[in-house]
Amino acid sequence: MRWFLKRKRNIFIIYLILSLALLTGCWDNRDIEEVSFNLGIALDQADGDIKLEGEPPVITATFQNLAPKVTISGQAEIDFDNISITGNTISKISTELALLNPGTIISQHLKTIAISENLARHMNLENLLNDFQRNINTRISTNILIAKGNAKSVFEKNLGEKGNAIPALKILRIIDNDDFSLRLLKPATLAIVGDRLASEQSFLLPRVQKKGNEIVLEDAAVISGKTKKMVGLINSEEVNGFRWLVGKKGGGRLNIFNRKNNLIFTIQIFHMSSEIIPHVRGNQISFDVNVYGEGTLIEDWIENADAADNRFLQKLEKEAEQKIVYQMRSVLYKLQKQFRADVVGFGEALRIKYPQTFQKVKQNWDEMFADVPIEVHADLKIRNYGVKIKK
Amino acid sequence: MIQRQKRQLTTIQTAFFTISIILGMGVLTLPRTITEGTQTPDGWISVILAGIIFLVWGRLIILLNRYYPDLTFFQYMPLILGKWLGNLVNLIFILYMILTASYQLRGLSAVTFLYLLPTTPDMVKILIFIFVAIYLINGGIIPIARICEILLPITLIVFAFVLLLSFRVFDPQHIRPVMGLGIEPVLKGTPGAVLAITGFEMMLILNAYMEQKKQAWKVMVASIAIPSVFYIVIYVATIGGLGMDQVLTLAFPTLELLRSYEITGILFERYESFMLAVWIMQIFTTYVGVHYFASLGFSQMTGKNIQYFIYGLAPLHFLISAIPNNLNEVFKLGDIYSCIELFVVLVAVPAALGVAWLKKRLSSSWKK
Amino acid sequence: MIKRHLYRRKRKSKNEEKQAAENGMIARDLQTNLKYFKRLKEHHADLVIRKFKIGGTDKNACVVYMNELVDKQVINNHILKMLMVDWPEAYSTENADSISPAALFDFTHDHILAVNNVKEGQSYSELLLAVLRGSTVLMIDGINTALILDTVNKKKKALGGSFSEVVVRGSNTAFIDTLEDNMALLRQNLVNPDLTFFELNVGRRTQCRVIIAYLNGLANPRLVEEVKNRIRKIDTDQILDSGYLEQFIEDNPLSPFPQLQNTERPDRVIAALNEGRVAILVDGSPYVLIAPVAFWMFLQSPEDYYERWIPGTLIRWLRYLAAFISLFLPSIYIAFTSFHYGLIPTELAISITATREGVPFPAFIEALFMEFAVEILREAGLRLPKTVGQTVSIVGGLVIGESAVRAGIASPIMVIVVAITAICSFAIPQYSAGISLRYLRFAVMSFAALIGLYGLVLFFLLMTIHLVRLESFGYPYLAPAAPVRVQDLKDLLFRAPLFRMKRRPQLLKPEDQVRQRGT
């Protein structure tokens, strides 16, 4: 022991060298070009018979993997492969994938998961997404969408297009337009979906579809927090109403097309906010929603329009407010009566204001939500009318 | 050498040392462990509560230290409680530190397994870690304190940076309402918060090395307050970003928070690598601290050279860290050592304080 | 005892010559002394022995000097002419006999020799050393003391600009090879009676003059004592450059980090002296050592203080960043591209994958190859003549970078990484610090290639541990970051405005803390 202490420096150095020698394994060292990045996954119901819950579900997963091709000139070109595999769980499918894919699959760059409508209607999303949540290689910043028809088709190479834009990434770039159009809904990340699923809240997922050769984001799917399945669709106009109800910062265009009064104009909304006020009287729960917006008049097809006249602007504002209220009413009607799913967050508002009451109704909130009276009010201000005053 | 290394620490060094020991595994698991108790988003109040409770016990520790300002806990415990009982308490304290060290090692290998090196054997990861640690521990208490001085600011800055970035997923709805269900959930969450602040009792030992012992109380307040504030920020950011219900389902919620957003357009899109890097450094300081103090304890109890124990304890830590079978047992190990720590702090310290006070009282009345 | 003493005195008169010679003392008799020097002449072709008679007298005298080391003008005009031609009549032939040799010697010393620096020497070794250093030795018959006349005409360069530490704003004067000039440069710019030059001679075979400079009453006396002690303990043949000295007196010779700063800028030395540090000047070396140092001093340039404080601070940050990049960038690249693909941005990951497609080597080997090439280019450019050197590095850089990518040996991103690393490593103002970071880079790269980010962090820890354990003359190397001196941090994290820096670095414990009172 004494010898050991005297020589501790030497011993230490020997240890270091030994441990370095041990390390020659380089277990995890794998070069970046030898792995294959999984950028997107499309989940479809397998062809053929539609299985019902309880029976082994059958899924076709399409993996969009990065596969750069080296051209003859020696320059590498970005390109991708789509591989479709059918199995009954996600893990099983990825195990199968390992049998044929060149290079280890790395899903750390998984950006988009597109679930086909059919699958979402029949499959419990919590189970379907469990692999991605549990698997440490998938970031929970992955975006989730619902695909109309065949999810696989969304990921297909667009032959008419020049270059090799990767569809899984292209979808995400479309979403950047969300402050231009009120009809766009931001996809939910795995983190948000995880939160909603864990707290049994209903939520919306945007729907993507292939129209001709183009990927189009349109409509939204309602996922019930109770059954964790898709229960229905709301159309783009209703997405408008939803965004007014939620009132997150952002904006978009409000188009009004009133033939009767000959009021055809568009307002660019640059500020919107909403306030959900719950009221509890005895056992009676009700809500007030106050929506407030500010915008710019950017187009009108009105004869003798005179933006310098305040009365004219007030007329437009009133018309626009009616439109907003209509949009909100229509989405609320669908959510309450048709789907019985609170995707807006009325439950949250109740939880924050009346936590005790919410604890009581928490269990079947979506059912209760269907019958609560909701008052909506809109207040829109036209702040600006561009550089043209009169027609 | 002109300046013979004085074995004394400045006030800042002492505070940073203690804080570095406190910040360890708790950083990653804290939002979950507290929420498991509260089931409401009120956990940050639990942290405040735990901090206040510990401040009281911190005061007791300071009072106890004042009886023997130049001796460590290991040295004065036998003097106060008698040789057998005192050394028994010392052994329990050392056991706590050994378990803490093993827990940090195991936590480290678990997290690096999940997030960094999935196929590298744990043994290799841990052995290299221990070698680096021993290199530092051999230098004695001064280099350890200096390392803490350098690493802690880096940690705090990096954490502040990545948590600020997480503001984009922050939803204030998630942390409201404040105490909606009354005080009861807050109380239920306190044990989880208490476990995360363990480590402040190192002042029992560090006091002997302080240059200005009058500042001990300030150090104690800082080393409970700064981690508490740090934890509150982490808690609020994580619950606000991921939602309370989801946090309950995640093993390392703080890390998952960073994995839940990507900021495109800046050089780095993903920020968990920063957090992992500084977190490994914090685990390192915690490990080095407890390893050194455990060796010091043995050395001061037996009067033998500390080197024997530094080299002797390293394999022991390694072996204990290999015992838990899965993550659940790892977390259980964390609970066990925290309970031992609570015994030392909540039972042994007040008892020793009482006996010391009585002895002093008796001896002074004897003199009269 | 007394008896023995008497006996010795008696013997002394008889065997005086013999004994003196045995003791190495020069004799009264000029012939004996000449014999000694003539014997030397056999081996020293450049030794000149000029025998002459003083004035009109019969007194024999001679001067001995090294032909190439002396200023012959001085010897001819101020020594020989004065002794032979301009010798006063009063001391001429007639009176010569009445004058004792001692009186003659004093007269010569006091009135005749028009030489500025005259010393007396009595031992052969002393005289010989003086002759070898370029002095002239004057010996007069009948006197056992010789005069050492300063006639040194050192071969030296003219004062020139700094080679390795160039600034845009501020003086670019640099130290040169001669000790005297370097001392003069310091005196000239630091007019202060407290400026102390303490001389030590080092070297067993060649006595090299070493000057320890410090400000008396400011530098911590214990520090000064420690420096002197360490230099005294050196036992070696010869000190060729201050680099030799540095390696003998540093705290931890095994450390990859320099523990003394070397500089050829007088302003840097003066700034250090004013902070209470100690400078060590070595004869023959244009590089002056400064002790103690902190790690950060290697990342600072005098220009930080000459420019206004905002650019000074920003440039300092830039340099810290450059140091970090030059140490860690290749390894970060390796760690991220061969371990943690998930931690880099998707778009970047895609383009890296595409560019690395077809590269046959793993990232580590690729990085090693490119770094190696850059290092060789740098070294080759350094040793070659200046004009050629630049062409070599530019051509080599372009050719290797371009063709390595073409040949598919390296990916374009790797070339960028290596280039940025190289540029950053040149941004470190101190050459010696740059070297250590440069070779540590290879160590980090292998850590990163073995266990990725975890290895990077562990290496960072290992390096930091080494740095906090390291000391420069007993002062912590990482100060003021560890141990923290809040006062001193403003000169580390920022370059605080000069009027804010009222105190000298606390850590050195200077005798006088206050640098300036605020304005």
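Treat the numbers as computed from the prediction; the structure is a model and nothing was measured.

Another aspect to go through is the overall build of chain C. Each helix and strand counted, chain C has 18 helices and twelve strands in total. Expected size for 519 residues packed as a compact globule is a radius of gyration near 24 Å; at 31 Å, chain C overshoots this value by more than 25%. Relative to its 519 residues, chain C shows a buried fraction of 41%. Residue pairs in contact within chain C that sit at least 24 positions apart in sequence constitute 64% of those at least 6 positions apart.

The helix and strand inventory of chain B stands at 15 helices and zero strands. Expected size for 368 residues packed as a compact globule is a radius of gyration near 21 Å; at 21 Å, chain B falls within 12% of this value. With respect to the three principal axes, the spread of C-alpha positions in chain B is 75 × 50 × 45 Å. Partitioning the intrachain contacts of chain B with sequence separation of at least 6 by distance along the chain shows that 83% fall at a separation of at least 24.

Of all the bends in helix H8 (residues 184–196) of chain B, the largest measures some 35 degrees and sits at B:Thr190, one to four residues before the proline B:Pro191. Buried residues of H8(B): B:Pro185, B:Val186, B:Gly189, B:Thr190, B:Gly192, B:Ala193, B:Val194, B:Leu195 and B:Ala196, and no others.

Our focus in this paragraph is the sheet that holds strand S8 (residues 261–263) of chain C. Residues and elements named next belong to chain C. Read across the sheet, five strands follow the order S6-S7-S9-S10-S8 without closing on themselves; strand pairing throughout is antiparallel. Two strands bound the open sheet, and with one partner strand each, they are strand S6 (195–202) and S8. Ignoring strand direction, the axes of neighbouring strands in this sheet form an average angle of 25 degrees. Here strand S9 (residues 278–282) pairs with strand S10 (residues 288–291) via three bridges, running antiparallel. Looking across to S10, one finds that Val278 is bridged to Ala291. Across the sheet, helix H10 (residues 266–274) lies against strand S7 (208–215), S8, S9 and S10, angled at about 55 degrees from S7, the strand it touches most.

This next bit is on helix H1 (residues 11–22) of chain B. All names here are of chain B. Taking 1.5 Å as the rise per residue, H1 with twelve residues should run 16 Å; its terminal C-alpha atoms sit 17 Å apart, in good agreement. Restricting attention to buried positions, one finds in H1 the residues Ile12, Gln13, Thr14, Ala15, Phe16, Phe17, Thr18, Ile19, Ser20, Ile21 and Ile22. Where H1 is buried, its residues contact helix H7 (141–165), helix H9 (203–206), helix H10 (216–242) and helix H13 (272–302).

The subject of this paragraph is the packing of H13(B) against helix H17 (residues 431–469) of chain C. Contact geometry of H13(B) with H17(C) gives a least axis separation of 10 Å together with a crossing angle of 45 degrees. For the element pair H13(B) / H17(C), the angle class is oblique. The hand of the H13(B)/H17(C) crossing is right-handed. Residues B:Ser273, B:Leu276, B:Ala277, B:Ile280, B:Met281 and B:Phe284 of H13(B) form the contact with H17(C), whose participating residues are C:Leu453, C:Tyr454, C:Val457 and C:Leu461. Tallied by class, residues from the contact of H13(B) with H17(C) come to nine nonpolar, one polar and no charged.

Let us look at the nonpolar core. All names here are of chain C. Counting residues in hydrophobic clusters, the biggest one holds 329 residues, and the most contacted among them are Ala279 and Ile280. With 20 residues, the single largest contributor to this core is H17. Beyond its immediate sequence surroundings of up to four residues, Ile280 is in contact with Val210, Ile212, Val227, Ser242, Leu245, Val288, Leu289 and Ala291. One finds Ala61, Val64, Tyr124 and Leu147 within the second-largest nonpolar core, a separate group that totals 27 residues.

Bringing the interface of chain C and chain B into the picture now. Contact with chain C, which involves 27 residues of that partner, is made by 33 residues of chain B. Put simply, the parts of the chain that give the side of chain C that touches chain B at least two residues each are helix H8 (221–232) and H17 of chain C. Broken down by element, the residue count for the side of chain C that touches chain B peaks at twelve residues, all from H17(C).

We now examine the interface of chain C and chain A. Contacts between the two partners involve 22 residues from chain C, matched on the other side by 22 residues from chain A. Elements represented by at least two residues in the side of chain C that touches chain A include exactly helix H12 (309–338), helix H13 (346–356) and H17 of chain C. The leading source of residues in the side of chain C that touches chain A is H13(C), at eight residues. Of the residues assigned to the side of chain C that touches chain A, the class counts are eleven nonpolar, nine polar and two charged.

Another point: the sheet that holds strand S16 (residues 374–384) of chain A. All names here are of chain A. Read from one edge to the other, the open sheet built from four strands follows the order S13-S14-S15-S16, with strand pairing classed as mixed. The sheet terminates laterally at strand S13 (252–258) and S16, the two strands that pair on one side only. Averaged over all adjacent pairs, the angle separating strand axes in this sheet is 35 degrees, with direction ignored. The pairing of S13 with strand S14 (residues 263–281) spans seven bridges and is classified as antiparallel.

Cut-offs used in this document
Residues numbered from 1 in each chain as written. Chains lettered and ligands numbered in written order. Predicted model: local features only at pLDDT ≥ 70, side-chain atom pairs only at ≥ 80, totals over all residues. Helix = DSSP H or I, 4+ residues; strand = E, 2+ residues; numbered from the N terminus. Rg over C-alpha atoms; globule rule 2.2 N^0.38 Å. Buried ≥ 20, exposed ≤ 12 C-beta atoms within 10 Å, placed from the backbone. Contact = placed C-beta atoms within 7 Å. Bend = angle between axes of the 7 residues up to and from the residue. Pairing = 2+ DSSP bridges. Axes fitted to C-alpha atoms, helices over the stretch in contact; angles between N-to-C directions. Expected span 1.5 Å × (residues − 1). Parallel < 35°, antiparallel > 145°, perpendicular 65-115°, else oblique. Left-handed = near helix turned anticlockwise from the far one by under 90°. Nonpolar A, V, L, I, M, F, W, Y, C, P; charged D, E, K, R; others polar. Core = buried A, V, L, I, M, F, W, Y, C linked by C-beta atoms within 7 Å.

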